[in-house]
Amino acid sequence: MTGELHEWLAASDQLAATQAQVATLEHSDAVESYNRQIELLKRRLIAEPATFRQMFIDDGMNAVMWEFSQDELGADFVKELWKVLLREDDASRVIMRFLWAQPLKGKRKFVRALDAHLSERYPMFKGLSVDWPAGNSIPPHIREPEDRSHDFGLVNEGYLGYMNVGYSRAEVDLFVWLEALRDKQCEEKPCEVGVHIAGKPDLKGGCPVKIHIPKVLELVGTGKFHEAMELIESCNPLPDVTGRVCPQELQCQGVCIQNKMPIAIGQLEWFLPEREKLVNPDGDAARFAHRRDPWLVASKPPVAIIGSGPSGLINAYLLAAEGFPVTVFEAFHALGGVLRYGIPEFRLPNELVDDVVGKIKLLGGKFVSNFVVGKTATIEQLRENGFYKVFVGTGAGLPRFMDVPGEHYLNVMSANEFLTRVNLMQGLRDDYETPLPEVKDKEVLIIGGGNTAMDAARTSKRLGGNVTIVYRRTQSEMPARVEELEHALEEGIKLLVLRGPTEFLGDDKTGFVSAAILDVMELGEPDASGRRRPVPTGQTETMKADLVIMALGNAANPIVKDSEPTLHTTKWGTIDLEHKGSQETSIEGVYSGGDAARGGSTAINAAGDGQAAAREIIGHLDVPADQIPLMVAKAKDYTERASASQVIVAKAHLADGIEEIIVHSPVIAEAAQAGQFVRVLPWEDGELIPLTLADWDTEKGTICLVIQGVGTSSIEMNQMNVGDSFAGIAGPLGRPSEINAYDPATETVVFTAGGLGLPPVYPIAREHLRRGNHVTLIAGFRSASLLFWTGEDERMAGLQREFPDTLEVVYATNDGTFGVEGFVTTPLETMLEAARAGTGRRIAEVVTIGPPLMMRAVADLAKKYDVHTVASLNSIMVDATGMCGACMVPVTIEGKTVRKHACIDGPEIDAHIIDWDKFLPRFGQFRKQEQASRARHGLA
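Below, the structure is looked at part by part. These numbers come from a predicted model, not from an experiment. The residue numbers shown here count from 1 along each chain, following its written sequence. pLDDT decides what is reported in this predicted model: residues at 70 or higher carry local features, side-chain atom pairs at 80 or more are listed and counted, and totals for whole chains, interfaces and linings draw on all residues regardless. Just so you know, side-chain values use all the structure's heavy atoms and leave hydrogens and water out.

Some remarks on the overall build of the protein
Test applied: Each helix is a run of DSSP H or I of at least 4 residues and each strand a run of E of at least 2, with the numbering of both proceeding from the N terminus. For each residue, the accessible area found with a 1.4 Å probe, counting protein chains only, is set against the maximum for its type, and the residue is called buried under 20%, exposed over 50%, and partly exposed in between. Residues are treated as being in contact if the distance between any of their heavy atoms lies within 4.5 Å. Shrake-Rupley sampling with a 1.4 Å probe provides the accessible areas, and residues are treated as covered by the protein chains on show and by no other component. In this tally, Asp and Glu contribute negative charge and Lys and Arg positive charge; neither His nor the terminal groups of the chain are included. Think of each charge as sitting on NZ of Lys, CZ of Arg, CG of Asp or CD of Glu.
On a plain count of helices and strands, the protein comes out with 35 helices and 31 strands. Projected onto its principal axes, the C-alpha coordinates of the protein cover approximately 145 × 70 × 70 Å. Among the 940 residues that make up the protein, the fraction classed as buried is 55%. Within the protein, contacts between residues separated by at least 24 positions form 70% of all contacts whose residues are at least 6 apart in sequence. Here the protein displays about 40,300 Å² of accessible surface, and carbon together with sulfur accounts for 51% of that area. Averaged over its 95 positive side-chain charges, the protein has a centre that lies 3 Å from the centre of its 129 negative ones.

Shown next as structure tokens:
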């Protein structure tokens, strides 16, 4: 018998004896009591697992506390501790709270350990412990200049940008948590409330939207990221927007007690909502799912918000969250105001603006785009249509220019126009029709030193330009955010300081700019801003320039002001806030904020104004409850009419390449006046086209457009059919015609309409006839085949039947196939000669509309006879609200060239003060781009 067999037999005997012993003891009192306790423990573990988890955590934390009592933290401990932190469970949050509560000595010990033991995995930890927390931190992820300067992807990707280089979202959470650990937990809260400076009425710094920053940092520091996000959004619904564009260095971070390297409050502000979208992508929908529609509840009166920029959006959100039915009226086809048209996507992605809009819609807010308050309707008309209060957040408006010689040359444009073409109208994309100036390999000068100048410069760089920023002071005086200027210089943009343009040179044949003459400056005494004033030295330099972008700030847009005579404005044209500490204007119940009231300011200040106005409106609810449902119903009906789809309801072929289109557009039809025009976006990826209002029918709610197919957009618009909808039509825009009264027995108003000039002439002539004036219409066409509206059942014949004694019509064709042979100037000269000789009616005024060369010829002819002449220039508009400055008309007043804007000052302008030599080239500015577009579409 082997040894193994002996061992097996012995073990078997021992096992049998043990089993017998277990069976005997199993029924003893002690063992039965033990088994009962184990069963109870199992049931409790299933029913109350948190109790045991906390017990284990407490035991673990005792071990952690012991480790922290040592002089340094060991490598194995730190690595295990970091693993626990990454688990995102109760244990990790307990450790976060433990470290948040540690004295500075303990926190430094932890950071030294990260530096020593984890920097191989996390290079950003290398050297972090040096001068931490005062002078060192983990920066956000910023793309390298050589990568980012050729595309429009986000430059400062924030902390979440680390996910693009291989780190997990949980790891990124810990980077942010480490930033929050730098907080001194001070009681003064300067980042939130600001700092009082002796002798100054206003506080320095602080948060304009009153975010409770210390509490947010505490929540992040204790691992409560979701709660921190909710706290921010309770004050500010667009933190991922303001966190990117707010000048934190002048606000919260500018007064941070950690003044050597302020805590990255702005980065945390926009990290939190972006993190929330990753963790809970359906969070917004779930959060607002059970809210009742305020338009159906009708328990609070409706509010109209004018403008969807930062002030309007925060105002709308806060009011909607309180149950107010709100409608936001926006002049452009896309929402966001300056956030969309002014700020490039490498700084602020459009999807973030869309997020805010989406939240407001989930709260029941409504949006009406292509609605220009002051033109489509006045503030008073909005209130007549049921809106209880109105908030005006229309922005600043008109871009400033320098009024120096040569500023009229093509490719001298405002930053507003340039950025609007790129950002709002997507001119940088091949699948959009908006033309851009040629930038690739061109010499681009940016005039100015603010954030808009940086945006224009960096956009030009991404489009391939050789870019130089020209600034009249030194770099240290530049008002741009330090980060934006640093990024621009990193991207290879040149900076030329102590220089200011005094003249632009150009090619008079093409009309394009070619160079800039710059004054060499030096700094003199401080001016009102506290900065040393630039003083010319007498020296000049000449720089080549293919494109000049003026980024000199904005003046107040007069559209709203001009439509409301009782609305008080300041000497700068901004809306005057009548009461200190209030956002209310001179019109009771009408509030304002942002650039409309401040002039040029910041998005965060605008948001603060919108927030303050919302609080005022919420706190002053003074309308009888029984009136509210009626007001809500009325405002809802108006909102629906204003946002009605602009559908083609009828169409007629007028002549070769010319179509008449009747469009359902009720609010424009109600507001239309003679001489005005509309801005048409035919489809989402189209370009904005100005078209004259040829006619309108208030009862039917329709407007009439006559379109001649010339460029890609107009040719393709003429191919649209009944039932098709335009992406947007805004208007009526421009100033209506000035209709003076004249003696119909002895005087006449002469209209010269060349080609497609007849449709815009028609409503103006009709208005003169209704006023009782005598009208002579000279309608010119190239040949009889292009005639329209002349048949028995057409508009001109109808007008002649209605006014047989006061309307005379003369037709002229270039080839003599119909009416008088020759141009419109032929019969006009005959009339002018007869009037001079006393054998014909005195010509009270001439109104000329048509091809630019024809308008000039008419103006030159009438000037010889000293007859007042008006030219309608609505064919050069771009955005048509004055926001871009593209519709510049050079006029001469007292021997000096002055800039007028056709969309603000016109479209009708005194033809005798227009500098036609300087003006005519503007009509061909984008001819090359338009030809390329037609070729792409097979329309060449």
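Notes on the pairing of strand 7 (residues 443-447)
On a regular strand, one side chain projects to one face of the sheet and the next to the other, so that they alternate. Convention followed: Here, strands pair whenever DSSP counts at least two bridges between them. By definition, the crossover connecting two strands over a helix is right-handed if that path, from the first strand to the second, turns clockwise as seen with the strands pointing away from the viewer.
Of all the five residues making up strand 7, four are buried; the element is thus mostly covered by neighbouring parts of the structure. Bridge analysis of strand 7 against strand 8 (residues 466-471) gives five bridges, and the strand direction is parallel. The residue bridging Glu-443 from the neighbouring strand is Asn-466, located in strand 8. A crossover links strand 7 with its parallel partner strand 8, the connecting element being helix 21 (residues 451-462), and its sense is right-handed. In this sheet, strand 13 (residues 547-550) lies alongside strand 7 in parallel orientation, the contact comprising four bridges.

Overview of the pattern of salt bridges
Working definition: two side chains of opposite charge can pair if their charged atoms are close together. Stated precisely, the cut-off is as follows: Salt bridges, as used here, are contacts in which a Lys or Arg side-chain nitrogen is within 4 Å of a carboxyl oxygen on Asp or Glu.
Counted by the stated rule, this structure contains 46 salt bridges. A salt bridge links Arg-169 to Glu-88, with the shortest nitrogen-to-oxygen separation between them at 2.5 Å. Of this pair, Arg-169 sits in helix 8 (residues 169-180) while Glu-88 sits in the loop between helix 4 (75-86) and helix 5 (90-101), and the two are 81 residues apart along the sequence. The partner of Asp-546 in a salt bridge is Lys-544, and the shortest N-O contact between them spans 3.0 Å. Residue class for Asp-546 comes out buried when judged on its relative accessible area of 18%. Take Lys-544: its relative accessible area is 52%, and that puts it in the exposed class.

Comments concerning the environment of Arg-458
The line we're drawing: Polar contacts, as used here, are pairs of N or O atoms within 3.5 Å; protein pairs need one atom able to donate a hydrogen and one able to accept it. Residues neighboring in sequence count only if both atoms are side-chain atoms.
The topology assignment puts Arg-458 in helix 21. With 431 residues separating them along the chain, Arg-458 and His-27 place their C-alpha atoms 86 Å apart. Leaving out residues up to four positions away in the same chain, Arg-458 has contacts with Val-155, Phe-346, Arg-347, Glu-484, His-487, Ala-488, Glu-491 and Ile-493. Among the polar contacts listed, one links the side chain of Arg-458 to the side chain of Glu-484, at a separation of 2.6 Å.

Side note on the sheet that holds strand 10 (residues 499-506)
What counts here: Working convention: axes come from line fits to C-alpha atoms, limited for helices to the stretch in contact. Angles between N-to-C directions cover 0 to 180 degrees.
Strands sit in the order 10-11-12 across an open sheet of three strands; the sheet is antiparallel. Pairing within the sheet leaves two strands with one partner each, and these edge strands are strand 10 and strand 12 (532-544). Looking at each pair of strands side by side, their axes are set apart by 20° on average, direction ignored. Where strand 10 meets strand 11 (residues 513-526), seven bridges bridge the pair, whose relative direction is antiparallel. Directly across from Gly-500, in strand 11, lies its bridge partner Asp-519.

Points about the sheet that holds strand 1 (residues 303-306)
A sheet is described by the order of its strands in space; here five strands give the open sequence 3-2-1-4-15, paired in parallel fashion. The open sheet terminates on both sides in strands that have one partner only, identified here as strand 3 (366-368) and strand 15 (590-592). Pairwise comparison of adjacent strand axes, ignoring direction, gives a mean angle of 20° for this sheet. Here strand 1 pairs with strand 4 (residues 389-392) via four bridges, running parallel. By the bridge assignment, Ile-305 is partnered in strand 4 with Phe-391. Sheet strands touched by helix 16 (residues 310-321): strand 1, strand 2 (326-329), strand 3 and strand 4. Its angle to strand 1, the strand with the most contacts, is close to 160°.

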